[in-house]
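Coordinate inspection notes
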Amino acid sequence: MRRQNVSEQQARDIIAKMDTTREAYIKKYEDTTRYDTRNYQLVITADGKTEEQIADLIMMYIS
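Only a predicted model underlies this, so the values are computations on that prediction, with no experimental measurement involved.

Re the packing of aromatic side chains
- Summed over all chains, the structure comprises one aromatic pair.
- Summarising the aromatic geometry, the rings of Y25 and Y29 are spaced 4.7 Å apart at their centres and angled 50° between planes, so their arrangement reads as tilted. Of this pair, Y25 and Y29 both sit in helix α1 (residues 8-30), four residues apart, which is roughly one turn of the helix.

Considerations on the side chain of R34
- With respect to the secondary-structure elements, R34 resides in the loop between α1 and α2 (51-62).
- Within polar-contact distance, the side chain of R34 engages the side chain of E23 at 3.4 Å.
- A polar side-chain atom of R34 sits 3.0 Å from a polar atom in the side chain of Y35.

Considering α1
- Here α1 spans 32 Å end to end across 23 residues, near enough to the 33 Å set by a 1.5 Å rise per residue.
- Among the residues trailing α1, D31 stands out with phi positive, at a value near 50°.

Focus: the pattern of salt bridges
- Inspection of every chain in the model, using the stated rule, returns five salt bridges.
- One salt bridge in this structure joins R34 and D19, with 3.2 Å as the shortest N-O distance. Of the two residues, R34 sits in the loop between α1 and α2 while D19 sits in helix α1, which places them 15 residues apart along the sequence.
- Linking D31 and K27 is a salt bridge whose minimum nitrogen-to-oxygen distance equals 3.3 Å.

Remarks on the environment of L42
- Among the secondary structure elements, L42 is positioned in the loop between α1 and α2.
- The partly exposed category is assigned to L42, whose relative accessible area is 34%.
- Linking L42 and A16, residues 26 residues apart in sequence, is a C-alpha distance of 25 Å.
- Not counting chain neighbours up to four residues away, the residues in contact with L42 comprise I58 and Y61.

Points about unusual backbone geometry
- Non-glycine residue N5 carries a positive phi angle of around 55°.
- Counting through the fold element by element, N5 comes out in the segment before α1.
- Of note in this structure, D31 is not a glycine but carries a positive phi near 50°.
- Note that D31 resides in the loop between α1 and α2.

Calculation rules
- Residues numbered from 1 in each chain as written.
- Predicted model: local features only at pLDDT ≥ 70, side-chain atom pairs only at ≥ 80, totals over all residues.
- Heavy atoms only, no water.
- Phe/Tyr/Trp six-rings, centres within 6.5 Å; stacked < 30°, edge-to-face > 60°.
- Helix = DSSP H or I, 4+ residues; strand = E, 2+ residues; numbered from the N terminus.
- Polar contact = N/O pair within 3.5 Å; in protein donor to acceptor, adjacent residues only side chain to side chain.
- Expected span 1.5 Å × (residues − 1).
- Salt bridge = Lys/Arg side-chain N within 4 Å of Asp/Glu carboxyl O.
- Buried < 20%, exposed > 50% of the residue type's maximum accessible area, 1.4 Å probe, protein only.
- Contact = heavy atoms within 4.5 Å.

Structure follows, in structure tokens:
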């Protein structure tokens, strides 16, 4: 909001439009969705985890 000097609703609209555009691009060129976890090597459920805990999980994965 600060960076683009827009209201909260305008920011939400911008984000929604960007999400729609990204999803359409991936669907068109990859015939998949960015929400399909099979497209990723590591998927972390962040619910109830701190940033430090998530970073530790990532570090354990790449070690």
